[in-house]
Structure formats: structure tokens, C-alpha cells
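Topology and contacts: notes
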Amino acid sequence: MEGTVLKNSIKVERAKKDMTQAELAIRVGVSRKTINTIETGRFVPTTVTAIRIARALEVGVEDIFTLIEEGT
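Now for a look at the structure at hand. Throughout this document, residue positions are counted from 1 along each chain, in the order its sequence is written. The predicted origin of the model limits local features to residues at a pLDDT of at least 70 and limits the giving and counting of side-chain atom pairs to 80 or more, whereas totals for whole chains, interfaces and linings rest on all residues. Water and hydrogen atoms were dropped before computing side-chain values, which therefore reflect all heavy atoms in the structure.

Side note on the overall build of the chain
Threshold: Secondary structure elements are taken from DSSP: a helix is a run of H or I of four residues or more, a strand is a run of E of two residues or more, and numbering for both begins at the N terminus. Think of it in three bands: residues with accessible area under 20% of the maximum for their type are buried, residues over 50% are exposed, and the middle band is partly exposed, with areas taken using a 1.4 Å probe on protein chains only. Note on contacts: a residue pair is in contact if any heavy atoms of the two residues lie within 4.5 Å. For every accessible area listed, the method is Shrake-Rupley and the probe measures 1.4 Å; residues are considered covered only by the protein chains on display.
Looking only at helices and strands, one finds five helices and two strands in the chain. Helices and strands appear in the chain in the N-to-C order β-α-α-α-α-α-β. The principal-axis extents of the C-alpha atoms in the chain amount to approximately 40 × 20 × 20 Å. Counting the 72 residues in the chain, one finds 31% classified as buried. Put simply, 63% of the contacts in the chain that link residues at least 6 apart link residues at least 24 apart. Of the roughly 4,900 Å² of accessible surface on the chain, a fraction of 52% belongs to carbon and sulfur atoms.

Next up, the structure:
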């Protein structure tokens, strides 16, 4: 089955900034649980949320989020 998966490096970028999920959530304006579900790949963020995460981590959106094409 073919599909596209959105991978992210939020956890790595948070670690570089010594930032917790809760701290990132406050800066982005979402719940810690939302950051967790995005970080673990269970939830795909809206474009606005992805941009806010990138800004909070002071990196570009494409530095955090990567589309992976999966095929059969």
C-alpha cells in the first residue's frame, strides 16, 4: 500500500534547546498532549501549528518536518 508519512525531528530540536514538551506547548499555544502526539507521529499538525512549532524552535519548517513517500 502506498502512502505518505510526515516524519519530524521535534524531539531532537527540543533537546538542542533544552525545552520540555510542556514548554514548547506553551510557546506554540497548544496542549502538551498535542505536542506529544505530533512528536510521535500519531497526529499531523495543521500548517499554522507546524509553522508555530518551527518558530518556537527557531528553525525552518522543512528542518523539522519531512515527507516520506512509502510504496509497495
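That was the structure; now back to the text.
Quick word on helix H2 (residues 21-28)
In plain terms, the rule: By arc we mean the arc of the directions from the helix axis to the C-beta atoms, nothing more.
For H2, the set of buried residues is Gln 21, Leu 24, Ala 25 and Val 28. The arc enclosing the buried residues of H2, seen along the axis, measures out at 105°, which places them on a common side. In H2, the exposed positions that point more than 90 degrees away from the buried face belong to Ile 26 and Arg 27. Looking at the packing, one finds that the buried side of H2 touches helix H1 (10-16), helix H3 (32-39) and helix H4 (47-57). Taken from the residues just after H2, Gly 29 is the one with a positive phi, measuring 90°.

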